[in-house]
Amino acid sequence: MKFCSSCLRPVQEKDRKAIDIIKKEYLKDDCPWFLGYSGGKDSSALLKLVIIALNELNSYHKEITVIYCDTGVENPIITEYVYETIEGLKSECFNLGLPIRYEIAVPKLEDRFFVKVIGRGYPTPTNIFRWCTDKLRINPVKQIIDEHPKATVLLGIRKGESEQRDRTISKHAKTEYYLSQSGSSKNQIFSPIINHNLKDVWSTIKFNSFPNSLDSQKLGEIYKDAGSECPVYREVPGKSCGSSRFGCWTCTVVRKDKSISNMIENGYYELKELHEFRNWISKFRDNPEFRCGRRRNGQKGLGPLTLKGRKIILEKLLETELKSDMKLINEEELIRIKELWNEDINNPKYVENN
Ligand code: SF4
């Protein structure tokens, strides 16, 4: 069954242009397409336009893979919304015979947030020591894309979001809708909504009633007072995702997590325990009593969290799990954490004092 495109509300001019360019680019070559979806407004608008564009074509010669990265420490309210949305989209695309598949990327066990912090003793991330974004978000997505020698990566990048981003766009733009990725990758980045402003993006989500599963009302509710989206593909070096609604609930890169506190104020009371844990752990990292006196490379200075410190964090996390009635860490991670503790206990080079 084909969806009747005349049922759509008239698309705004920028959407029409984007849909036409998506169709043209899709037909151009056999290069596989990957779309980075975070659940946020920009990637939702992009996905909506891609689905509409594909639905206007008569035949398909390649699949599009939509990738969502589940770090394991995503804001649980958002995760629930995203998984529901993906299930809805899957069935809509299936019913229309569209060649779109959905893949969930997850970080390697070794790179998961709590394995790093509680297992290896990494202090929680800050702007200066932001070890998290590559390990939790960029690498899992990259791993899927890198299985292909050359790919096109569709991202919801827009002009006017930041001066740094605009500079990168003008440096790399090959055409009105393109960005070539800086660095050694052979992949090209395709940004069909690059000329959309914030208002356009919300219009795209709201006034294109198809696909139904991308619910503008629900997304609007989640976005009340929200910031930017967390990147899943490195197109601008060093971009922070710490203030985003679509980020980790454990994020200590931002000094205050206004995103979660606003959500609690807006009635998501179930996040209260998580928010308290996050505030507690962001102070705990700086307590010298729970930090080794040497780094892992043997140099003097604030080193990893001590074994005692890591055990305290685990106890607090399990307590938070009980109080919030939410699953915050899984069995596999717990086993790996205990193994890493044993490795440190038996490692003569691991020094807690001096
Ligand atoms: S949300 Fe925060 S903790 Fe998560 S990857 Fe982004 S900067 Fe790191």
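Structure: see above.
The sections below set out a description of the structure shown in this document. These figures come from a predicted structure and were not determined experimentally.

1. Quick word on the packing of helix α3 (residues 76-96) against helix α8 (residues 216-223)
At a closest axis distance of 12 Å, the pairing of α3 and α8 adopts a crossing angle of 165°. In terms of orientation, α3 and α8 fall into the roughly antiparallel class. In this structure, the crossing between α3 and α8 has a hand that is left-handed. In contact with I78, Y81 and E84 of α3, α8 contributes K218, L219 and I222. Its residues placed into classes, the contact of α3 with α8 shows four nonpolar, no polar and two charged.

2. Some points on the pairing of strand β2 (residues 64-69)
Extensive coverage of β2 is indicated by the burial of six of its six residues. Residue alternation in β2 divides its side chains into two sets, I64, V66 and Y68 and T65, I67 and C69, and both sets are buried. Between the parallel elements strand β1 (residues 33-36) and β2, the chain passes through helix α2 (residues 41-55) in a crossover that is right-handed.

3. Remarks on the side chain of E321
Considering the arrangement of structural elements, one finds E321 in helix α11 (residues 307-324). Under the relative-accessibility criterion, E321 is labelled buried at 15%. Here E321 is in contact with M326, K327, L328 and I329, once residues within four sequence places are set aside.

4. A look at unusual backbone geometry
Positive phi, close to 60°, is recorded for D325, a residue that is not glycine. Examined against the element boundaries, D325 turns out to sit in the loop between α11 and α12 (331-345).

5. Comments concerning the pattern of salt bridges
One pass over the structure, following the stated rule, counts 26 salt bridges. One network of salt bridges, with partners in common, ties together R16, D20, K23 and E56.

6. Let's talk about the packing of aromatic side chains
Under the definition given, this model contains 13 aromatic pairs. Pairwise contacts between aromatic rings join F113, F114, Y122, F129, W131, W249, F277, W280, F284 and F290 into one cluster. Between the NZ or CZ atom of K311 and the centre of the ring of W341, over which it lies, the distance is 5.4 Å.

Thresholds applied
- Residues numbered from 1 in each chain as written.
- Predicted model: local features only at pLDDT ≥ 70, side-chain atom pairs only at ≥ 80, totals over all residues.
- Heavy atoms only, no water.
- Axes fitted to C-alpha atoms, helices over the stretch in contact; angles between N-to-C directions.
- Helix = DSSP H or I, 4+ residues; strand = E, 2+ residues; numbered from the N terminus.
- Parallel < 35°, antiparallel > 145°, perpendicular 65-115°, else oblique.
- Left-handed = near helix turned anticlockwise from the far one by under 90°.
- Contact = heavy atoms within 4.5 Å.
- Nonpolar A, V, L, I, M, F, W, Y, C, P; charged D, E, K, R; others polar.
- Buried < 20%, exposed > 50% of the residue type's maximum accessible area, 1.4 Å probe, protein only.
- Right-handed = clockwise from strand over helix to strand, strands pointing away.
- Salt bridge = Lys/Arg side-chain N within 4 Å of Asp/Glu carboxyl O.
- Phe/Tyr/Trp six-rings, centres within 6.5 Å; stacked < 30°, edge-to-face > 60°.
- Lys NZ or Arg CZ within 6 Å of the ring centre and 35° of its normal.

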